[in-house]
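Chain by chain, the residues:
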Amino acid sequence: MPKDSYDVVVLGAGSGGYACALRAAELGLSVALIEKDRLGGTCLHVGCIPTKALLHAAEVADAARESEQFGVRATLEGIDMAGVNGYKDAVVGRLFKGLTGLVKGRGIEVVEGAGRLTSPTTVDVAGTTYTGRHVVLATGSYPRSLPGLEVDGERVLTSEQALRLDSVPASVVVLGGGVIGCEFASVWRSFGAEVTIVEALPHLVPLEDEASSKALERAFRKRGIAFRTDTRFESVKVGDDAVQVTVAGGDTIEADLLLVAVGRGPVTDKLGYAEQGVAMERGFVTTDERCRTSVPEVYAVGDIVPGLQLAHRGFAQGIFVAEDIAGLAPRPVEEVTIPRVTYCEPEVASVGLTEAQAREQYGEEIETLTYDLAGNGKSQILRTAGFVKLVRRTEGPVVGVHMVGARVGELVGEAQLVVGWEAHPDDVAPLVHAHPTQNEALGEAHLALAGKPLHAHS
């Protein structure tokens, strides 16, 4: 091919973009990967990985604080944020180094700079044109704010700025009770801060099954995390050493900081997408089930495509697109089978339909079963409370699995197999789950739904 001409040009090197590039190169295609910042994108540098490192540090702090319940005499002297940040940054650094090596080893041309789509087959970077038989748009997302709410990076923060704090705030208001808001609220509470969450919708983690939301709310109350649901933000007054947040009804909440966690918007503005005929909706790029845009040979993956804004969704879509371009005819990524995890304490994990969604789709031909983790030996060892809730079509497959409890995010892989392969409870019940593990809870739940409960009340 001519210089600067490739089989695939990928714009954006986050989870979706780099996965597409790696798989395409593995399949023998020539690839240019264009990134204005760093390989790995939001997830690696200012999202999934650093926040989960903070959450693990928070878990360690809680373990030290509560050690006597396990017969271990330990004390928590405090949180050294310089040490926490050093640990977090080291994790990110090691993964970044590994990813850089992988990309280089596959012979992928990495182009550093801001790219702009200039035709259905070309991307311009600082005056140089990169041509691809196929172009994949994967430019990711940014932290949203609200009209009239100015983020100053000092008292009013986004999640990305919150990751760089060099001290633990004494008090925080978290605007938004979704995944990001609940995770940061959990971290700061474990680190000793007073936390209040303000959520406009009726429940925390409002996209989850209502039973999961209520269980998390009970756990947060027990931990001393305050929250106001069904409460709209009105304004914030920023002072020299505090913020005063006013909510609907005129109530005010004072704190050291305000975290704005009201979701993420697509990075698509001024990138040439609409000008080249790519169909858009509220800033998002619309695609068909095969991630194809309205422009032939132009694909889009990840957070810029309407749907779940999850790194593993973009990752799976990136692999799918590479295989589709290579002519392998892969099976499309189904949104309903994508696992969802909120990594707060306790964790909330799910895959498939909520009970409400299942009833809307299938009417009253729905059965549910909730297995309490009180009957699970490993959960008792960990001193965690929660449940596994199954949603099935009557006499049919399981269409939703919902879990709350410490470490239940590690169980969602099997739950995805159950939902994705349309398993019936009788299919799962005979599977042998190692004892004692929390994984047994999935087995026990399916045993109970199959009509043979053991460690569960019938």
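Residues numbered from 1 in each chain as written. Predicted model: local features only at pLDDT ≥ 70, side-chain atom pairs only at ≥ 80, totals over all residues. Heavy atoms only, no water.

Enquirer: Teacher, can you tell me more about the packing of helix 6 (residues 179-190) against helix 7 (residues 210-223) here?
Expert: The axes of two packed helices give the description: the angle between them and the distance between them. Relative to each other, helix 6 and helix 7 sit at 25 degrees, their axes nearing to 11 Å. Classified by the angle between their axes, helix 6 and helix 7 sit roughly parallel to one another. For the element pair helix 6 and helix 7, the recorded crossing hand is left-handed. Judged by residue contacts, Cys182, Ser186, Arg189 and Ser190 of helix 6 engage Leu216, Phe220 and Arg223 from helix 7. Counted by class, the contact of helix 6 with helix 7 contains three nonpolar, two polar and two charged residues. (Axes fitted to C-alpha atoms, helices over the stretch in contact; angles between N-to-C directions. Helix = DSSP H or I, 4+ residues; strand = E, 2+ residues; numbered from the N terminus. Parallel < 35°, antiparallel > 145°, perpendicular 65-115°, else oblique. Left-handed = near helix turned anticlockwise from the far one by under 90°. Contact = heavy atoms within 4.5 Å. Nonpolar A, V, L, I, M, F, W, Y, C, P; charged D, E, K, R; others polar.)

Enquirer: Would you mind going over the side chain of Lys88 with me for this structure?
Expert: With respect to the helices and strands, Lys88 occurs in helix 4 (residues 81-105). Judged by its relative accessible area of 6%, Lys88 is buried. A distance of 2.9 Å separates the side chain of Lys88 from the side chain of Asp89, its partner in a polar contact. The residues touching Lys88, leaving out its near neighbours within four places in the chain, are Pro50, Ala53, Leu54 and Leu163. (Buried < 20%, exposed > 50% of the residue type's maximum accessible area, 1.4 Å probe, protein only. Polar contact = N/O pair within 3.5 Å; in protein donor to acceptor, adjacent residues only side chain to side chain.)

Enquirer: Quick question: what am I supposed to make of the pattern of salt bridges here?
Expert: Where charged atoms of side chains with opposite charge meet at close range, the side chains can pair. In this structure the tally under the stated criterion is 21 salt bridges. Between Asp37 and Arg38 there is a salt bridge, with its nearest N and O atoms 3.6 Å apart. Residue classification places Arg38 among the partly exposed residues on the basis of a relative accessible area of 38%. In this structure, the salt-bridge partner of Arg313 is Glu335, at a minimum N-O distance of 3.2 Å. Residue Arg313 is located in helix 8 (residues 311-325), and its partner Glu335 is located in the loop between helix 8 and strand 20 (340-342); the two are separated by 22 residues in the primary sequence. Residue Arg313 is classed as buried on the basis of its relative accessible area, which comes to 2%. Counted as one network, the salt bridges with shared partners bring together Asp209, Glu355, Arg359, Glu364 and Lys389. (Salt bridge = Lys/Arg side-chain N within 4 Å of Asp/Glu carboxyl O.)

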